[in-house]
Amino acid sequence: MIEPYDGLEQYDKVEGYDMESVAAVFAGTAFGLFGAALLLWTGARAMRRAPVLHGVSPVASTALTTLFGVVFLVLGVWCFTLV
């Protein structure tokens, strides 16, 4: 009798980790690093009273980049909770 072949079982895990958790760690790291770098850069520009974005209101550009930095940082933390 011929047994059914399910060759995908060996690809479900990579060195003991689920494939979804590997992707979540990668995405969490990328989002977290980008969010932290954006917040650090925005803070450094704001402390020097340098424009964050040329041609835009300093208050609006600082607030918007701070918002996006926090969003990316929270998104990175959320990805790490999926592991």
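What counts, and where the lines are drawn
Residues numbered from 1 in each chain as written. Predicted model: local features only at pLDDT ≥ 70, side-chain atom pairs only at ≥ 80, totals over all residues. Heavy atoms only, no water. Helix = DSSP H or I, 4+ residues; strand = E, 2+ residues; numbered from the N terminus. Buried < 20%, exposed > 50% of the residue type's maximum accessible area, 1.4 Å probe, protein only. Contact = heavy atoms within 4.5 Å. Areas by Shrake-Rupley, 256 points an atom, 1.4 Å probe, with all protein chains shown as cover. Expected span 1.5 Å × (residues − 1). pLDDT = per-residue confidence, 0-100. Patch = residues over 30% accessible without salt bridge, like charges linked within 9 Å, V, L, I, M, F, W, Y side chains within 5 Å. Salt bridge = Lys/Arg side-chain N within 4 Å of Asp/Glu carboxyl O. Phe/Tyr/Trp six-rings, centres within 6.5 Å; stacked < 30°, edge-to-face > 60°. Polar contact = N/O pair within 3.5 Å; in protein donor to acceptor, adjacent residues only side chain to side chain.

### Section: the overall build of the protein
Consideration 1: When its secondary structure is counted, the protein shows 2 helices and 2 strands.
Consideration 2: Starting at the N terminus and ending at the C terminus, the protein contains elements arranged as β-β-α-α.
Consideration 3: A total of 83 residues make up the protein; the buried ones form 17% of that total.
Consideration 4: In the protein, 70% of the contacts between residues at least 6 apart in sequence involve partners at least 24 apart.
Consideration 5: Roughly 6800 Å² of accessible area belongs to the protein as shown, and the carbon and sulfur atoms make up 71% of that amount.

### What to know about helix α2 (residues 58-81)
Consideration 1: Here α2 spans 35 Å end to end across 24 residues, near enough to the 34 Å set by a 1.5 Å rise per residue.
Consideration 2: For α2, every residue scored as buried is listed here: S61, T65, G69, G76 and C79.

### Observations regarding the environment of G69
Consideration 1: By secondary structure assignment, the location of G69 is in helix α2.
Consideration 2: Between the C-alpha atom of G69 and that of F31, which follows or precedes it by 38 residues, the distance is 9.3 Å.
Consideration 3: Excluding residues that lie within four positions of it along the chain, G69 makes contacts with G35, L38 and L39.

### As for the environment of A46
Consideration 1: Along the polypeptide, A46 turns up in helix α1 (residues 19-47).
Consideration 2: Taking C-alpha positions, A46 is 8.8 Å from P58, a pair spaced 12 residues apart along the chain.

### Considerations on the confidence of the model for the protein
Consideration 1: Overall, the prediction assigns the protein a mean pLDDT of 86, with 77% of residues at 70 or greater.
Consideration 2: Ranking the elements of the protein by mean pLDDT puts strand β1 (residues 13-14) last, at 56, and α2 first, at 95.

### Observations concerning a nonpolar patch on the surface
Consideration 1: On the surface, a cluster of nonpolar side chains totalling about 360 Å² of accessible area is made up of L64, L67, F68 and V71.
Consideration 2: The topology assignment puts F68 in helix α2.

### Side note on the packing of aromatic side chains
Consideration 1: According to the stated counting rule, one finds 2 aromatic pairs in the structure shown.
Consideration 2: An aromatic cluster is defined as three or more aromatic residues linked by ring pairs; in this entry it consists of F31, F34 and F72.

### Quick word on the side chain of S61
Consideration 1: Tracing the chain through its elements places S61 in helix α2.
Consideration 2: You can call S61 buried: its relative accessible area is 4%.
Consideration 3: In this structure the side chain of S61 is engaged in a polar contact, spanning 3.2 Å, whose partner is the backbone oxygen of P58.
Consideration 4: Ignoring any residue separated from it by four or fewer positions in sequence, one finds S61 in contact with V52, L53 and V56.

### Quick word on the environment of S21
Consideration 1: The residue S21 is located in helix α1 in this model.
Consideration 2: For S21, a relative accessible area of 14% puts it in the buried group.
Consideration 3: Distance in space between the C-alpha atoms of S21 and F80 is 8.5 Å, their sequence separation being 59 residues.

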